[in-house]
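Analysis of the macromolecular model
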Amino acid sequence: MKHFKQMVVAPLVVGLSTITGMWPAANAKEPAYPERPITLVVPFAVGGPTDAIARTVAQRVSVELGQSIVVENLAGAGGTVGATRAARAKPDGYTLFVGHVGTMAAAPYLFKSLKYDPIKDFTPIFRFPDTPMVLLVKEGSRFKSAADLLEEARKAPGKITFGTAGVGSSSHLAAEHLAATAKIRFTFVPYKGTGPAMTDLVGGQIDAMLDQTNVALPQVQGKRLHALALTSQSRMPQFPGTPTLTERELPGFLASTWYGIYAPVGVPKVVVDTLQKAYLKALTNAQFTDSLKKSGIEVLPPEVVGAGPLRDFTVNEQKKWQRVIRDAGIEPQP
Ligand code: ASP
């Protein structure tokens, strides 16, 4: 069962919808959690890859839980607006947050005045599937290949306008990483999420983007966007004929976006256990995992998706991004 309604509840809220699971028969042994709908804060605009994957996961997990999950889009500042709000929510398990490589790993090194600590203020719950990324231009663009784009960027530093989902978003991080690896410069154009950035890419207002495959795929199939190169280790059947960057132009260059569900620190253990169990159950549902795989999303094995592995992974990713940001010479925002 799925209810979909849009409504604006605050200036920063881009959209809101309810995903309703099925209610199981009452059982006295069931944990007291969750007794009412859960709010899932998605820190990017509706229609982007984070929003899409969060809704798919939320819908399946809500069925496993027998409770609704309400997706609330709180976009801005590369996802840190939503993260700040979620960090300050009551730690009762009724506000959860979709964190990712940007908000949970890179943000402390990109924003001098970050108002939350990804490790101290959040409890990791489970890790989502990973999404590979793809270098995109408008269909009919002057760039027919990744080599064309890199060559122009070398000859005319800053001429290419490159859309991102905001400073510190995964699309921004991947593009900065690309620029540093190829020793080129782009002019970045930040948006409140991939959704609005992609609209402008299709409309020709910006030249290129590097973003997740799951929302790029329908645009490429519909011939509105052209996929120049994938940033995965190998080619993907969903993008026939699209090479990887690592096979020619940039050997060793890989980029993907990881996600995790986090709760404000201090949530009761039953919350972590119940949600983790529901997600592990969801992973055994072939319809759910197949729908993710179809858009190129990599479904991770159960042993790496739990709260413990997600905590260790977040800590390691912080170290990695601290290094990448320093080596790329990216100036932190005031
Ligand atoms: N793809 C975005 C990012 O770069 C977020 C989004 O709009 O889903 O982080």
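All of the points below concern the structure found in this document.

Procedures and definitions
Residues numbered from 1 in each chain as written. Predicted model: local features only at pLDDT ≥ 70, side-chain atom pairs only at ≥ 80, totals over all residues. Heavy atoms only, no water. Helix = DSSP H or I, 4+ residues; strand = E, 2+ residues; numbered from the N terminus. Buried < 20%, exposed > 50% of the residue type's maximum accessible area, 1.4 Å probe, protein only. Contact = heavy atoms within 4.5 Å. Axes fitted to C-alpha atoms, helices over the stretch in contact; angles between N-to-C directions. Parallel < 35°, antiparallel > 145°, perpendicular 65-115°, else oblique. Nonpolar A, V, L, I, M, F, W, Y, C, P; charged D, E, K, R; others polar. Pairing = 2+ DSSP bridges. Right-handed = clockwise from strand over helix to strand, strands pointing away. Near = heavy atom within 4 Å. Polar contact = N/O pair within 3.5 Å; in protein donor to acceptor, adjacent residues only side chain to side chain. Areas by Shrake-Rupley, 256 points an atom, 1.4 Å probe, with all protein chains shown as cover. 1 Å grid on protein atoms, 1.4 Å probe; cavity = no way out; pocket = protein on both sides within 12 Å on 5 of 7 lines; lining within 4 Å. Sits in = over half its atoms within 2 Å of the grid points.

Concerning the environment of Thr95
Relative to the assigned elements, Thr95 resides in strand 4 (residues 95–100). The buried category is assigned to Thr95, whose relative accessible area is 18%. Linking Thr95 and Val41, residues 54 residues apart in sequence, is a C-alpha distance of 7.2 Å. For Thr95, the residues in contact, after removing those within four places along its chain, are Thr39, Val41, Ala89, Ala263 and Pro264.

So, the packing of helix 1 (residues 49–65) against helix 9 (residues 286–294)
To describe two helices that pack against each other, one gives the angle between their axes and the distance between the axes. Viewed as axis vectors pointing N to C, helix 1 and helix 9 meet at an angle of 175°, and their least axial separation amounts to 11 Å. With respect to their mutual orientation, helix 1 and helix 9 come out roughly antiparallel. From helix 1, Ile53, Thr56, Val57 and Arg60 reach across to helix 9, where they touch Phe288, Ser291 and Leu292. Class assignment for the residues of the contact of helix 1 with helix 9 results in 4 nonpolar, 2 polar and 1 charged.

Details of the pairing of strand 7 (residues 161–164)
Strand direction decides the pairing type here: strand 7 and strand 8 (residues 187–190), joined by 4 bridges, are parallel. Its bridge partner lying in strand 8, Phe162 is registered against Phe188. Between the parallel elements strand 7 and strand 8, the chain passes through helix 5 (residues 170–182) in a crossover that is right-handed. Here strand 7 pairs with strand 9 (residues 208–212) via 2 bridges, running parallel. By the bridge assignment for strand 9, Gly163 is matched with Met209.

Observations concerning the site of the ligand
Looking at the ligand, there are 13 residues lining it, with Thr50, His100, Ser171, Thr194 and Gln212 nearest. Contact distances for the ligand include 3.0 Å between a nitrogen atom and a side-chain N or O atom of Asp211. About the coverage of the ligand: the protein hides 100% of its 270 Å² of free accessible area. More than half of the atoms belonging to the ligand lie within 2 Å of the grid points that define the second largest cavity. Going through the elements one at a time, helix 1, helix 5 and strand 9 are the ones with two or more residues in the shell around the ligand. When the residues that make up the shell around the ligand are grouped by side-chain class, the tally is 3 nonpolar, 9 polar and 1 charged.

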